[in-house]
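Each chain, written out:
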Amino acid sequence: MKLYRFLSGPDDSSFCHKVTAALNKGWHLFGSPTYSYDKQTKVMRCGQAVVKDVEGQEYGPGTKLSDW
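Residues numbered from 1 in each chain as written. Predicted model: local features only at pLDDT ≥ 70, side-chain atom pairs only at ≥ 80, totals over all residues. Heavy atoms only, no water.

The chain has the name DUF1737 domain-containing protein in an unreviewed UniProt entry, where Mesorhizobium muleiense is given as its organism.

What follows is the structure, given as structure tokens:
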């Protein structure tokens, strides 16, 4: 199965750690990162899509992406 996740967070080290953790679990960057201003919280936010291929598994609505 092919899995897709969109990681997002504030523009600080916690976002970088989130992406780094996904890469170390075998996820791969997909597309360009995003960067925008959140008017409600008045902070910049980052986003990055990641994908992962998992052999021998079936995807379903109950698949918990963070487990992979």
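Having seen the model, we can carry on.
Trainee: Sorry if this is basic, but what is going on with the pairing of strand β3 (residues 43-53) here?
Mentor: In the sheet, strand β1 (residues 2-10) pairs with β3 via nine bridges, with the strands oriented antiparallel. Following the sheet pairing, Leu3 is matched in β3 by Lys52. Of the pairings in the sheet, the one linking strand β2 (residues 28-38) to β3 comprises eight bridges and is antiparallel in character. Within β3, the position partnered with Leu29 by the bridge is Val50. Here β2 folds back onto β3 in antiparallel fashion, the turn holding four residues, of which Lys42 has a positive phi close to 60°. (Pairing = 2+ DSSP bridges. Helix = DSSP H or I, 4+ residues; strand = E, 2+ residues; numbered from the N terminus.)

Trainee: In this structure, what is going on with the UniProt feature "domain: DUF1737" (unreviewed entry) in the chain? I would like to understand it.
Mentor: Residues annotated by UniProt as "domain: DUF1737" (unreviewed entry) correspond here to residues 1-53. When the span residues 1-53 is considered, its composition is 23% helix and 58% strand, and the gap between its end C-alpha atoms is 6 Å. (UniProt positions renumbered as here; feature names shortened; annotations may be inferred.)

Trainee: Is there a simple way to think about helix α1 (residues 13-24) in this case?
Mentor: An α-helical turn contains 3.6 residues, so any two residues separated by three or four positions project in the same direction. Counted at 1.5 Å a residue, the expected span for α1 with its twelve residues is 16 Å, and the 16 Å between its end C-alpha atoms agrees. Looking at the buried residues of α1, the elements they touch are β1, β2 and β3. Positive backbone phi, at 100°, marks Gly26, one or two positions downstream of α1. (Expected span 1.5 Å × (residues − 1). Contact = heavy atoms within 4.5 Å.)

Trainee: Sorry, what's going on with the packing of aromatic side chains here?
Mentor: A ring pair, where both rings are aromatic, is described by two values, the distance of the centres and the angle of the planes. Summed over the entire model, instances satisfying the criterion amount to one aromatic pair. Taken together, a centroid distance of 6.3 Å and an interplanar angle of 90° make the contact between Tyr4 and Phe30 edge-to-face. Of the two residues, Tyr4 sits in strand β1 while Phe30 sits in strand β2, which places them 26 residues apart along the sequence. Looking at Tyr4, the relative accessible area reads 48%, which means it is partly exposed. Just above the ring of Trp27 sits the side chain of Arg5; from NZ or CZ to the centre is 5.4 Å. (Phe/Tyr/Trp six-rings, centres within 6.5 Å; stacked < 30°, edge-to-face > 60°. Buried < 20%, exposed > 50% of the residue type's maximum accessible area, 1.4 Å probe, protein only. Lys NZ or Arg CZ within 6 Å of the ring centre and 35° of its normal.)

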